[in-house]
Amino acid sequence: MKKQGLQNIKNANKSFASVTILAALILISLIGAGCLGQETDNNVVVSGSTSILPLAQSLSEKYMEIHNETVISVKGGGSGTGIAELIDGSNDIAMASRKIKDTEVTNAQANGINPVEHMIAKDGIAVIVHPANPVKNLTLEQLQKIYSGEIRNWSEVGGNDEEIAAIARDSSSGTQEFFTEAVMGDVELRSDLITQSATGAVTQEVMQNQKAIGFINAAYQNANLKTIGLDVNGTVFMPTEENVLSEKYPLSRGLYLYTDANVKEQADEFIQYIFSTEGQKIVREMGYTAVQ
Amino acid sequence: MKRNMRNFNEKTMKFLFFIGGIGTILILLLICFFLLAETANFLKTYPIWDFLTGTEWKPDEASRKFGLLPLLAGTFITTFGAVLLAVPIGILSAVYIAELAGPKTAEILKPAVELLAGIPSVVLGFFGLVLLVPTFQSAFDLTTGQTALTGSIILAIMALPTIISVSEDAISSVPASLKQGSFALGSNHWQTIYKVTIPAALSGISAAVILGVGRAIGETMAVMMVTGNMAIIPWSEPFLSSVRTITATIALEMGEVAQGTEHYYALFTIGAVLFLLTIIINGIADAVKRKHHRGE
Amino acid sequence: MKTGKTAYRKKQDAYQKIAFGLMKISTAVVVMVLLLIIGDIVIKGAPSLTIEFLTQMPKNQMTEGGILSCLVGTIELVILALSVAVPLGIVAAVYLTEYASEGKVKRFVEQAVNNLAGTPSIVFGLFGMAFFVKYIGLPQSLLTSSLTMGLLILPVIIRTTQEALLSVPQSYRDASMALGITKWETIRHVVLPAAYSGMLTGIIISIGRAAGETAPILLTGAVYFYPKLPDSVFSPFMALSYHLYVMATEGMNIELTRGIQYGTALVLIILVFSMNLIAVGLRRHYRKKGIGSN
């Protein structure tokens, strides 16, 4: 009986030892692979605006087909996140759907980064509602009042008698900042906004919520959403490519990539590609407005 | 000779363990230090009273309002709802598995609970987003299905396995002799359970509930996906309103803060509040354990 | 000797029936919730589970292709995080249980560990980002995320290992020492093996958390898209958990990619469950051999 126990202990120790050795081997091989890993200089890190994210991802996919030594990683997080990471040196290219702020430029320079702006596309902010919503147009003033909380019911703007579910983005969003500047001005946003972490999430909620209203970049429009026309002094404008380019559509903006002045070569080449005919073609295909 | 070798080994191991133990603890304490240091930085420029009583969280540069209350309300409401759901169901299930279920049933149930525990929070958040949110919206005719209630349900599902398995462990560790004594005195099974078994396992059960509450308070992804992230204090209809938790706020905003800004420190400060809540809850759990032991 | 039941007995029996009924219902609710969630994900995710899905990289704006990079990323993350946390955790737990002398310091330390075990994952994420990325300057990478994730699971491993060690009867140690075996040898050959099943519980829980937690890797290394498998610990990586999150909230084609989202969720669950199964099997193996603490 006792011998059996001791034997069991020995066996248990053996299995434990073998598991430990196995784990150590895996660990060593991983680290070994890491140490022998490629130079990270071919890595280009792109992060920031979720409005630009799909575009950047498509562009990088196509770019890497041609230049397969360069490895581009793409991440969202919001315009604010992208610029913060540029300032910290965590990324090579920051995607921002708003212009960089003066305070951010100061912070960057304090860190030795000199931001260079590249406007790679133009984009309209589309105001979206559920397809079943009867409202067709809104004036900028009405839009402002909805988002300040002054107008709370769809019936006040010609819709059904239902409470308005106003959807916005979080504070790191360039789309959110642009909207606040362009539509709200000095008027404060209402406190009870449904906050979503990304443009995609906004579209999701609006697609399934008949009371919802949200704003997204025009490229994210799809058949399951209804875009509201913006009424400017009697004329209604939709965020078409033409209207955005000519800025007749009131909520038109540029989409920017920011880099350090001393950005690495591979990143710079990628940006040049975006400005090329091929790159701008992809911009158009994705539903954004080309700049060239 | 061999004796000296063994002594040497002994002393070496003791030393290594000491280093390892202390080192690990120091690493963990580093986290506390960071939280406190950045909180201090925040309170240098932002009045603590405004922070503790502020009803608005608007971090944008125009407003710069960092009020804790709406976030605290969000955390509290979702956690409270989760506890209401998970604790009764959890403890009852734990007792069932430990005391009533036949060995074959228990063999199925325990892995089942562990399975539930294994479901990652983001999957539950996803499930809540695609199934619960639309369902709630139509069922209750709400402005949106993203509510505190949706969050509470998901949190309850997350807390349940912890509560069940740790409670079950505690209950089945109660010595058979205690239970047999009770039966010998004429109690039936249920009486034994609530008079003898549960009190004997109380410290374990409390620990289980505390761990469960801790999971609920600390959950980020799931609540970020289903509560609507509305930074308000929902005076009317707290459960059917959208809310925002402390955790979601940190996750939503931590990417964009530049080091050294007020917003950056503010996020650490609410992180510290969250941490403090955890400490308080653990302290309560400890007090329960000690009181129980004294009672014996 | 009375042969019928007293009124007291009858009342107690009635209470018992009610109580037991409630217990059964509760357990049934738990099982039903489990089946509902798993069922939904399996049904909607299974169609996406093809060989291509598991062996290809995402293509065409993430609307096609597979999740190979996420799968590999998650596995590597878990292994690295465990290799950080398990050794450190066991050492710390052994120290606390076997070597440290009772007193205020030990109690304070145990309190700290308990508190950190309950600390929200986002706090670890915030710390990881602030400390490893911003303060030390590590790049957002597999390494940074693993370190952060390791910190997250460390307290849990310490706690559960400690509980396992504590439940080893003191008599084992005493008997061993009485035979002339030294303390370290006792720990290594008697106490630790007896605590294996409990320790494995902690590791089981930690595997699931490391694979499924998203908050710690949000800003320490996980990315939306990385075209290759992580070839170095310093590269960014994709992970199943993060992938599910961004696909469900950030993509342009959320409705289109719903199948991929469900597929990702399913793969993540299968991965976690199979790791759990292995650990449960190991635990049963040790218990059967009579070296369990229970």
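Whatever comes next refers back to the structure up there.
Residues numbered from 1 in each chain as written. Chains lettered and ligands numbered in written order. Predicted model: local features only at pLDDT ≥ 70, side-chain atom pairs only at ≥ 80, totals over all residues. Heavy atoms only, no water.

### Considering the overall build of chain B
What chain B contains, in helices and strands, is 11 helices and two strands. With respect to the three principal axes, the spread of C-alpha positions in chain B is 70 × 65 × 35 Å. In chain B, which comprises 296 residues, the proportion classed as buried is 57%. Residue pairs at least 24 apart in sequence account for 69% of intrachain contacts in chain B once pairs closer than 6 positions are excluded. Across chain B, the mean location of the 19 positive side-chain charges is 16 Å away from that of the 19 negative side-chain charges. (Helix = DSSP H or I, 4+ residues; strand = E, 2+ residues; numbered from the N terminus. Buried < 20%, exposed > 50% of the residue type's maximum accessible area, 1.4 Å probe, protein only. Contact = heavy atoms within 4.5 Å. Lys, Arg positive; Asp, Glu negative; His and termini not counted. Charge placed at Lys NZ, Arg CZ, Asp CG, Glu CD.)

### What to know about the pairing of strand E6 (residues 165-169) of chain A
All names here are of chain A. The buried fraction of E6 is high, at five of five residues. Going residue by residue along E6, you find Ala165, Ile167 and Arg169 tucked away on one face and Ala166 and Ala168 tucked away on the opposite face as well. Bridging between E6 and strand E8 (residues 212-217) involves two bridges; their strand directions are parallel. Of the residues in E8, the one forming a bridge with Ala166 is Ile213. Relative to strand E7 (residues 194-196), E6 runs parallel, the two being bridged by three bridges. When the sheet's bridge partners are listed, Ile167 is paired in E7 with Ile194. (Pairing = 2+ DSSP bridges.)

### Quick notes on the nonpolar core
Counting 227 residues, the largest nonpolar core has Leu55 and Tyr288 of chain A, Ile119, Val123 and Ile270 of chain B together with Tyr245 of chain C as its most contacted members. In terms of residue count, helix H3 (residues 68-99) of chain C provides more of this core than any other element does, 16 residues in total. If sequence neighbours within four positions are ignored, Tyr245 of chain C has contacts with Ser197 of chain A, Val122, Met221, Met224 and Met225 of chain B together with Thr214 and Leu218 of chain C. By size, the runner-up hydrophobic cluster in this structure holds 27 residues, among which are Leu138, Leu193, Leu230 and Leu251 of chain A. (Core = buried A, V, L, I, M, F, W, Y, C linked by side-chain atoms within 4.5 Å.)

### Points about helix H3 (residues 79-88) of chain A
Residue and element names in this part refer to chain A. Within H3, nine of the 10 residues are buried, which leaves the element mostly enclosed by the surrounding structure. Along H3, the positions that sit buried rather than exposed are Ser79, Gly80, Thr81, Gly82, Ile83, Ala84, Glu85, Leu86 and Ile87. Of the residues trailing H3, Gly89 is marked for its positive phi of about 80 degrees.

### Considering the side chain of Ser48 of chain C
Residues and elements named next belong to chain C. With respect to the helices and strands, the residue Ser48 is situated in the loop between helix H1 (7-45) and helix H2 (51-55). Taking the relative accessible area as the measure of exposure, Ser48 reaches 15% and is therefore buried. Excluding anything up to four places from it in sequence, Ser48 contacts Phe53, Gly259, Ile260 and Gly263.

### Observations concerning the interface of chain B and chain A
At the junction of the two partners, chain B supplies 30 residues and chain A supplies 27 residues. The junction of chain B with chain A conceals about 2200 Å² of combined surface from both sides, 45% of it contributed by carbon and sulfur atoms. Sorting the residues of chain B by area buried against chain A places Thr143, Leu252 and Glu256 of chain B first, and these three jointly supply 25% of that buried surface. For the interface between chain B and chain A, the tally reads three salt bridges. Across the pair Lys65 of chain B and Glu188 of chain A runs a salt bridge whose closest N-O atoms are separated by 3.8 Å. The interface formed by chain B and chain A contains 11 residue pairs in polar contact (both at pLDDT 80 or more). (Buried area = accessible area lost by both parts, 1.4 Å probe. Salt bridge = Lys/Arg side-chain N within 4 Å of Asp/Glu carboxyl O. Polar contact = N/O pair within 3.5 Å; in protein donor to acceptor, adjacent residues only side chain to side chain.)

Everything listed here is a matter of coordinates, which is why it stays silent on function.
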